[in-house]
Amino acid sequence: MDASDAALYATLLREAPEGLAFFDRDLRCRRANDALAELLDVRVRDLQQRRPSEVLPEALAAAFETALRKVIADDRPVTDLELVVPVRDADAPGDATGDAPGVATAVEERILACTWLPAKGGGDERPGVVLTALDVTERRRAEEVIRRKEQRYRSLVEASAQVVWVAAPAGGAIDDAPEWRAITGQTPDDYAVGGWLSVVHPEDRPRIEAHWRDCVAENRVFETNYRIRTKSGTYRHFDVRAVPIWRGDAVIEWVGANTDVTGQREAEEMRGRLTEQLSAAALRTARLQQATSMLAEALTVSQVVQVITEVGRSAIGADYSAVALLDDDKLRLSIVAPSQPGTESETPSPSRDGIKVSDQTVMSVAVRESRPFLAEHPDSLRLQLGHGERDLFAQHTEERAWVGLPLLAAGAPIGALRFSFTRPREITEEERVFLEALAGQCALAVERALLFEREHKTAEELQRSLLPSDLPQLPGMALAARYNPATRHVQVGGDWYDVFRLADNRLAVAVGDVMGKGVLAAAGMGRVRNALRALALNDPRPAAVLAGLDRLFSATEDEEQFTTVVYAVIDPETGQGELSNAGHPPALLISPDTPARVSKREPGTPLGWPSQRQQTSFSIRTGNTVVFYSDGLVENRRRGVDAGLEELVAVAADAPPEVVGDPERLVDFLVDRMLAGYEQVDDVTVLALHVPPKSE
């Protein structure tokens with residue numbers, strides 16, 4: 001080797017930043033530079049004359065030797081092989097020659113890009129393999145940071161409601177925009193170059209095209225708004241912003257984002273119309289406020305319909321009105337009758353199957369297009385609908401003008417309002433704004449009423465499912481019960497009763513009332529009923545059962561929960577029994593030879609309140625009846641508890657002997673007489689136990 005070759009060789013080994021090494025055909029390292037030793041985190045003298053498996057970690061050594069064998073076997077280079085080298089942290093504990101015994105060494109990773117080249121000697125001689133290794137750790141980390149940023153950006157775009165797009169410096173689309181395709185139905189070929197303008201609203205297109213052209217020519221931010229035709233044929237509002245991306249002094253592309261602001265624009269337009277129009281319509285504003293107040297008290301759909309039709313007809317002088325709601329399949333509208341008697345005859349009944357949304361009717365069009373429908377005279381109606389509306393609503397042949405309004409909840413139609421006049425009638429913009437506001441109030445009230453009715457039905461079904469399906473049939477005692485849920489416009493409460501046999505054939509009887517209304521009260525009633533059964537089957541003594549319920553309430557129920565219950569254990573053969581009362585109304589006692597009366601025993605505190613539970617003994621004699629009941633029987637908005645108890649005793653005293661002797665008739669008699677003339681605002685539960693005379 002001449003002097004220049006030697007100098008080159010020595011310089012490469014000493015100064016080159018890359019790792020260099022020569023391995024013989026036995027895989028032993030003959031020469032290696034300091035750079036390689038540093039990259040591998042070993043000393044040069046440890047590499048010399050050794051195989052990788054003798055010096056390097058197992059996984060790294062296996063990769064080294066696999067590459068060496070491949071080059072030797074194939075006589076071809078192995079390039080672009082990246083190896084991960086574990087490197088000890090310089091700050092980790094350990095000595096200069098190795099790790100201290102028992103001390104864990106902190107480890108990080110270094111990535112090496114390795115190239116293995118077959119070494120060539122004179123002639124065909126292949127003395128070994130040359131390795132070059134370059135530290136690419138920082139490059140790979142930087143690439144990983146960029147990749148993560150790209151993933152974050154892509155995830156952000158996909159998660160947002162924006163349409164992101166990229167255009168060439170000259171303005172033509174150059175990248176796929178999946179969100180744009182999903183909204184408009186265009187393909188990349190459709191919106192390439194200027195094709196995207198074809199879905200911009202015709203009224204907006206000239207302005208947008210000129211503005212975009214100017215921004216591209218002057219390399220300034222493109223910021224505007226326009227309407228886009230969706231693949232369903234409707235138009236939506238978008239705010240748009242696009243910025244030029246510079247590289248040096250040149251724009252290399254444009255990046256833009258379209259944000260759907262349809263809901264915001266529609267809300268703004270509605271607010272603007274309402275602000276402008278209602279400010280000049282004090283009377284209608286007052287009526288709208290009246291409707292709001294009345295709707296706040298309307299709990300059922302029929303009540304909502306009654307309020308809306310009354311307010312709407314009085315405000316615009318309509319002769320007829322109707323409200324229809326979409327069925328679950330969203331294909332038909334069903335007319336809803338007002339709640340007050342005598343008004344149903346004014347509500348059309350187009351057909352037993354309702355109105356098809358696809359029909360040509362005032363309400364169908366309002367629902368399909370989510371906009372008001374106006375026909376000021378019959379010619380206008382025929383022009384817009386043909387003869388479908390007149391045929392469908394043939395009951396009112398004198399109609400001469402029509403208004404249809406969609407009922408929208410969260411932007412989606414749930415039904416429609418319909419007003420009609422017996423004379424041609426032009427609806428002013430002021431009246432139209434009022435009617436749209438009224439329809440909005442109606443939609444909110446209907447949605448609330450539907451939710452209430454579903455909850456009411458669920459609570460009632462839950463409550464009935466937890467009551468006994470039938471009562472025990474006993475030879476020496478007759479039982480009857482009646483449960484009257486509150487009227488439809490009041491939520492179901494937590495009244496309940498239960499009768500079941502104990503292990504010793506005695507009868508367990510319970511009547512209770514859980515404070516509150518709706519599903520929560522019904523669910524609470526179920527918990528109390530089930531807990532009482534479990535406690536009674538373990539220790540049936542009334543005082544013990546109520547004490548157990550007290551412990552249960554203290555551990556599981558809210559402090560505000562108010563629950564009363566009366567619980568008795570009766571021997572049906574002798575009529576002897578024991579009773580304990582937790583704040584419940586006193587039992588009614590009816591006897592053929594003494595006046596009816598209520599028990600004078602002091603009731604205890606409601607469940608969960610600190611109290612020493614007491615139980616009393618009693619006897620139901622032959623011919624006598626004991627009636628347990630909830631407070632809904634004796635108390636309402638116009639009658640206090642004391643007055644109600646007095647009235648209950650008086651009603652029982654008026655009961656004919658044949659009614660007293662038949663508990664089924666007796667409970668009906670008591671309920672019907674006690675509720676007559678009063679609005680029922682609470683559930684009513686009545687349970688009667690009668691000991692009939694012994695048959696001769």
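Look up: the structure comes first, before these words.
Described below are features of the structure shown in this document. Sequence order as written defines the numbering, with residues in each chain counted from 1. Whole-chain, interface and lining totals are the exception, using all residues; otherwise, since this is a predicted model, local features are given only for residues with pLDDT of at least 70 and side-chain atom pairs are given and counted only at 80 or more. In computing side-chain values, all of the structure's heavy atoms are included and hydrogens and water are not.

Throughout this description, the term nonpolar core refers to a set of buried Ala, Val, Leu, Ile, Met, Phe, Trp, Tyr and Cys residues connected via side-chain atoms within 4.5 Å. Three labels apply to residues, based on accessible area from a 1.4 Å probe with only protein chains included: buried if under 20% of the type maximum, exposed if over 50%, partly exposed otherwise in between. Core analysis: the biggest nonpolar cluster contains 43 residues, and Met477, Trp496, Leu532, Tyr567 and Phe628 have the highest contact counts within it. Residues count as neighbours in contact if any of their non-hydrogen atoms are within 4.5 Å of one another. Once residues lying within four places of it in the same chain are set aside, the contact partners of methionine 477 are Leu507, Ile570, Pro572, Ile620, Leu689, His690, Val691 and Pro692.

A few words on the pattern of salt bridges. Here, a salt bridge means any side-chain nitrogen of Lys or Arg that lies within 4 Å of a carboxyl oxygen of Asp or Glu. Here the structure, examined in full by the defined rule, presents 32 salt bridges. Here glutamate 223 makes a salt bridge to arginine 241, at a shortest N to O gap of 2.9 Å. Placement of the pair is glutamate 223 in strand S7 (residues 222–229) and arginine 241 in strand S8 (residues 235–247), with a sequence separation of 18 residues. Of the charged contacts in the structure, one is a salt bridge between arginine 382 and aspartate 379, with a shortest N-O distance of 2.1 Å. Going along the chain from the N terminus, every DSSP run of H or I of four or more residues is numbered as a helix, and every run of E of two or more is numbered as a strand.

In this section: the pairing of strand S18 (residues 507–514). Among the eight residues of S18, eight are classified as buried, and the element is accordingly described as predominantly covered. What you see with S18 is no split at all: Leu507, Val509, Val511 and Asp513 on one side and Ala508, Ala510, Gly512 and Val514 on the other are buried throughout. Bridging between strand S17 (residues 494–501) and S18 involves eight bridges; their strand directions are antiparallel. Looking across to S18, one finds that aspartate 495 is bridged to aspartate 513. At least two DSSP bridges between two strands are required for those strands to pair. In sequence, S17 turns back onto S18 through a hairpin of five residues, with asparagine 505 there showing a positive phi of about 70°. Sheet analysis places S18 next to strand S19 (residues 563–570), joined by eight bridges and oriented antiparallel. The partner of valine 514 across the bridge, within S19, is threonine 563.

Further remarks concern the sheet that holds S7. Pairing within the open sheet is antiparallel, and its four strands lie in the order S6-S9-S8-S7. On the outer flanks of this sheet lie strand S6 (162–167) and S7, each paired with one strand and no other. Strand-to-strand twist of the sheet, defined as the mean angle between neighbouring strand axes without regard to direction, takes the value 25°. Of the pairings in the sheet, the one linking S8 to strand S9 (residues 250–260) comprises ten bridges and is antiparallel in character. If you follow proline 244 over to S9, its bridge partner there is tryptophan 254. Packed onto the sheet, helix H9 (residues 205–218) meets S6, S7, S8 and S9 and runs at close to 145° relative to S7. For helices, the fitted line uses only the C-alpha atoms of the stretch in contact; every axis is such a line through C-alpha atoms, and the angle between N-to-C directions lies from 0 to 180 degrees.

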